[in-house]
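# Coordinate analysis (summary)
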Amino acid sequence: MRYPKIRELGEAVVSLVSPAYTTKYPKKEHVPFENFRGKPVVDDDNCVGCETCANVCPPMAITFEDDREKGIRTIRRDYGKCIFCGQCEEHCITQKGVKLSDKIFDMSSFDRNDNVEYQEKELLICKNCGAIITTKEHYMFMHKKLGPKAYSNIMNLNMLNEKLRLASEDNTEVALSEDLRRRDAFNILCPNCLRELQLKTHGR
Ligand code: SF4
Ligand code: SF4
């Protein structure tokens, strides 16, 4: 028979007289410890719908669906799949779109849908080929990042005009005609159509 070591005996005595590490939740209120990683909480005003968090989420708890007809991107966040790793918060491009709560820990429910949240964002679609470029909010966020350089691109300027209501939609868009003529540059185009336009313009 092996006898317990002195260190183990000491630990047993200390734990006998120490308060319990666990709490009697839900009978008593539970206060999570510092830096606890709880439910990710989205701040819709600071989320631009860029898809970055979906790309880094290990259990794929965040998914995106684009509806070209309605021009809407739907973001679905299923916290029933969340492992509270904090990757979405760490990689959020605005640094404010999502933060893990240090208080919300009780998410148990009989209905899985209770832990699913949705957001909707307006899409920015190429006026020529219909390709989805990104969301309008994401585009505007990049404007801010670029600062005065954003004004060097006429298409960027168009977005700003619409946003700031400096020009009506009639003035910021013109009808697309064949061959992507130069004047059509005033429309919002995807990178492919833009390249095509530049090639054709320079080729003339
Ligand atoms: S905390 Fe981790 S698992 Fe949960 S939504 Fe964010 S990235 Fe996904
Ligand atoms: S990374 Fe941030 S801004 Fe982009 S969709 Fe996720 S929460 Fe929103």
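Residues numbered from 1 in each chain as written. Chains lettered and ligands numbered in written order. Predicted model: local features only at pLDDT ≥ 70, side-chain atom pairs only at ≥ 80, totals over all residues. Heavy atoms only, no water.

### Points about the site of ligand 1
- Taken together, Cys-57, Pro-59, Ile-62, Cys-82, Ile-83, Phe-84, Cys-85, Gly-86, Gln-87 and Cys-88 form the complete shell of residues around ligand 1.
- If you map ligand 1 onto the pockets, it falls in the largest cavity.
- Looking at the shell around ligand 1 residue by residue, the classes come out as 8 nonpolar, 2 polar and no charged. (Near = heavy atom within 4 Å. 1 Å grid on protein atoms, 1.4 Å probe; cavity = no way out; pocket = protein on both sides within 12 Å on 5 of 7 lines; lining within 4 Å. Sits in = over half its atoms within 2 Å of the grid points. Nonpolar A, V, L, I, M, F, W, Y, C, P; charged D, E, K, R; others polar.)

### Concerning helix α4 (residues 136-146)
- Along α4, the positions that sit buried rather than exposed are His-138, Tyr-139, Met-140, Phe-141 and His-143.
- Just beyond α4, the residue with positive phi is Gly-147, at close to 65°. (Buried < 20%, exposed > 50% of the residue type's maximum accessible area, 1.4 Å probe, protein only. Helix = DSSP H or I, 4+ residues; strand = E, 2+ residues; numbered from the N terminus.)

### A short note on the site of ligand 2
- In the neighbourhood of ligand 2, 13 residues make up the surrounding shell, with Cys-47, Val-48, Cys-50, Cys-53 and Cys-92 lying closest.
- The cavity where ligand 2 resides is the second largest cavity.
- Considered class by class, the residues forming the shell around ligand 2 number 8 nonpolar, 3 polar and 2 charged.

### Things to note about the pairing of strand β5 (residues 116-125)
- Of the strand pairs in this sheet, strand β3 (residues 72-78) and β5 are connected by 7 bridges, and their pairing is antiparallel. Bridge pairing in β5 links Ile-75 to Gln-119.
- The pairing of β5 with strand β6 (residues 132-135) spans 3 bridges and is antiparallel. Across the sheet, residue Leu-124 finds its bridge partner in β6, namely Thr-134.
- Counted between consecutive antiparallel strands, the loop separating β5 from β6 contains 6 residues, among which Gly-130 sits at a positive phi close to 85°. (Pairing = 2+ DSSP bridges.)

### Thoughts on the sheet that holds strand β2 (residues 62-67)
- Taking strand neighbours across the sheet as the criterion, the 4 strands line up as β2-β3-β5-β6 in an open arrangement whose pairing is antiparallel. Among the strands making up the open sheet, the edge pair consists of β2 and β6. Taking each pair of neighbouring strands and ignoring which way they run, the sheet shows an average axis angle of 30°.
- α4 rests against β5 and β6 of the sheet, and its axis sits at about 75° to β6. (Axes fitted to C-alpha atoms, helices over the stretch in contact; angles between N-to-C directions. Contact = heavy atoms within 4.5 Å.)

### What about the confidence of the model for the protein chain?
- Mean pLDDT over the protein chain: 83, with 77% of residues reaching 70 or higher.
- Highest mean pLDDT in the protein chain belongs to β3 (98); lowest belongs to helix α6 (residues 169-172) (54).
- Segment residues 180-185 is flagged for pLDDT under 50; beyond a separation of four residues in sequence, or across chains, it makes 20 contacts in the model. (pLDDT = per-residue confidence, 0-100.)

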